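One-letter residues, chain by chain:
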Amino acid sequence: MSLTLLAEQTLNGFQFGVMLFLMAAGLTLIFGVMGLINLAHGSLYMIGAFSAALVSALTGSFWLALVACLVFSAMAGVILERTIIKQLYSRDHLDQVLATFALILILSESVRWIFGPFPMYLDVPESLNGSVSIFGFLIYPKYRLFIILIGLILALALFFLITKTNFGIRIRAGQNDREMISALGVNISNLYTALFVLGASLAGLAGALVGTIQSVEVGMGEPVLILAFVIIVIGGIGSVKGAFVASILVGSIDTLGRFLIPWSLKFFLDSSTAMSIGSSIASMLIYIFMIFVLIFKPAGLFGKSLA
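What you are looking at is a predicted structure, and each value in this text was computed from that prediction instead of being measured.

### A word on a nonpolar patch on the surface
Link 1 in the chain: A cluster of nonpolar side chains, namely Phe267, Phe268, Leu269, Ile277, Ile281, Met284, Ile288, Ile291, Phe292, Ile295 and Phe296, defines an oily patch on the protein surface of about 1100 Å² accessible area.
Link 2 in the chain: Within the secondary structure, Ile295 is located in helix H11 (residues 271-296).

This is the structure in structure tokens:
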């Protein structure tokens, strides 16, 4: 195993983690502030990807496609929150799970009806096509570096929004005592809508960014949603910092595990067996990591203890 290959997989893990953060950040705020379990968050990821693929096919512009994914996912967030999600805030978690699971089915079939059963594809823009040399020994795709850069910028912007602005103050106050901030004149309904739209936009952007790496297809958001919930548990409910750290850890563990474990097993087994067993073990690593975190930090790495 060469140092170059290891460095490349490490960057791939970081890029995967940054993409997961865009999904998990909005989800952890929605769960932490609203107390809402939103299984349909992955559908917003899918809507962002499909809207970007459609606009890219019609206009040929990747940058217009990114704008479109933000607009369409935000619009979908407003419509869903105002019509359905709003009715679930006062309901128990089982009702929320059932209702948002139904939304997954409705949105998936709606997208299939509109776009058809075949996958769509997004092209990498010419300015981000090709590779660059890093430290003189690693050749890495420009587009993956672009995803990392966008993720880091949005992470810093989100951290500033939560910690330094009035909107962030209201969000943090809503996590602790929503009745009190309502009594102080804060419009809880508008706050919840704004927060839900923020989460929807981040999820849609994540879907659009990953649409050039993999195909855009119905149901593409559900596997990422599962990882996002794992990230929330590891990082701590309602913590943006926890979501970022956990996303990078999960992305790195998953990517490096799928690379290092089969490679290690090749010393003891034939290549095909090592690849098969190694892939199975690697797919369990993030859940094993989550178990260890919960044993020693039941509230997550940056979560507040319920006690």
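### So, the packing of aromatic side chains
Link 1 in the chain: One pass over the structure, following the stated rule, counts seven aromatic pairs.
Link 2 in the chain: Measuring from centroid to centroid gives 5.2 Å for Phe62 and Trp63, while their planes differ by 80 degrees, and the two rings are edge-to-face.
Link 3 in the chain: Look at Phe62 and you get buried, because its relative accessible area is 4%.
Link 4 in the chain: Taken together, a centroid distance of 5.9 Å and an interplanar angle of 75 degrees make the contact between Phe62 and Tyr143 edge-to-face. Of this pair, Phe62 sits in helix H3 (residues 62-83) while Tyr143 sits in helix H5 (residues 142-164), and the two are 81 residues apart along the sequence. Here Phe62 matches Tyr143 in class, with each residue buried.
Link 5 in the chain: Aromatic rings pair up to connect Phe62, Trp63, Tyr143 and Phe146 into one cluster.

### Section: the packing of helix H1 (residues 3-34) against helix H10 (residues 240-265)
Link 1 in the chain: Two numbers describe how H1 lies on H10: the axes approach to 6 Å, and their chain directions differ by 145 degrees. Along this stretch, H1 crosses H10, giving a crossing that reads as right-handed.
Link 2 in the chain: Broken down by class, the residue content of the contact of H1 with H10 amounts to 18 nonpolar, ten polar and one charged.

### Quick notes on H1
Link 1 in the chain: With 32 residues, H1 extends 45 Å from end C-alpha to end C-alpha; this agrees with the ideal 46 Å at 1.5 Å per step.
Link 2 in the chain: Considering bend angle alone, the principal kink of H1 is centred on Leu22 and spans about 30 degrees.
Link 3 in the chain: H1 sits mainly inside the fold: 23 of its 32 residues count as buried.
Link 4 in the chain: A positive backbone phi angle near 70 degrees is found at Gly35, which sits one or two residues after H1.

### Some details on the confidence of the model for the chain
Link 1 in the chain: Per-residue confidence for the chain gives a mean pLDDT of 86, with 95% of residues at or over 70.
Link 2 in the chain: Mean pLDDT in the chain bottoms out at helix H7 (residues 178-183), which sits at 69, and peaks at H3, which reaches 93.

Rules used throughout
Residues numbered from 1 in each chain as written. Predicted model: local features only at pLDDT ≥ 70, side-chain atom pairs only at ≥ 80, totals over all residues. Heavy atoms only, no water. Patch = residues over 30% accessible without salt bridge, like charges linked within 9 Å, V, L, I, M, F, W, Y side chains within 5 Å. Areas by Shrake-Rupley, 256 points an atom, 1.4 Å probe, with all protein chains shown as cover. Salt bridge = Lys/Arg side-chain N within 4 Å of Asp/Glu carboxyl O. Helix = DSSP H or I, 4+ residues; strand = E, 2+ residues; numbered from the N terminus. Phe/Tyr/Trp six-rings, centres within 6.5 Å; stacked < 30°, edge-to-face > 60°. Buried < 20%, exposed > 50% of the residue type's maximum accessible area, 1.4 Å probe, protein only. Axes fitted to C-alpha atoms, helices over the stretch in contact; angles between N-to-C directions. Left-handed = near helix turned anticlockwise from the far one by under 90°. Nonpolar A, V, L, I, M, F, W, Y, C, P; charged D, E, K, R; others polar. Expected span 1.5 Å × (residues − 1). Bend = angle between axes of the 7 residues up to and from the residue. pLDDT = per-residue confidence, 0-100.

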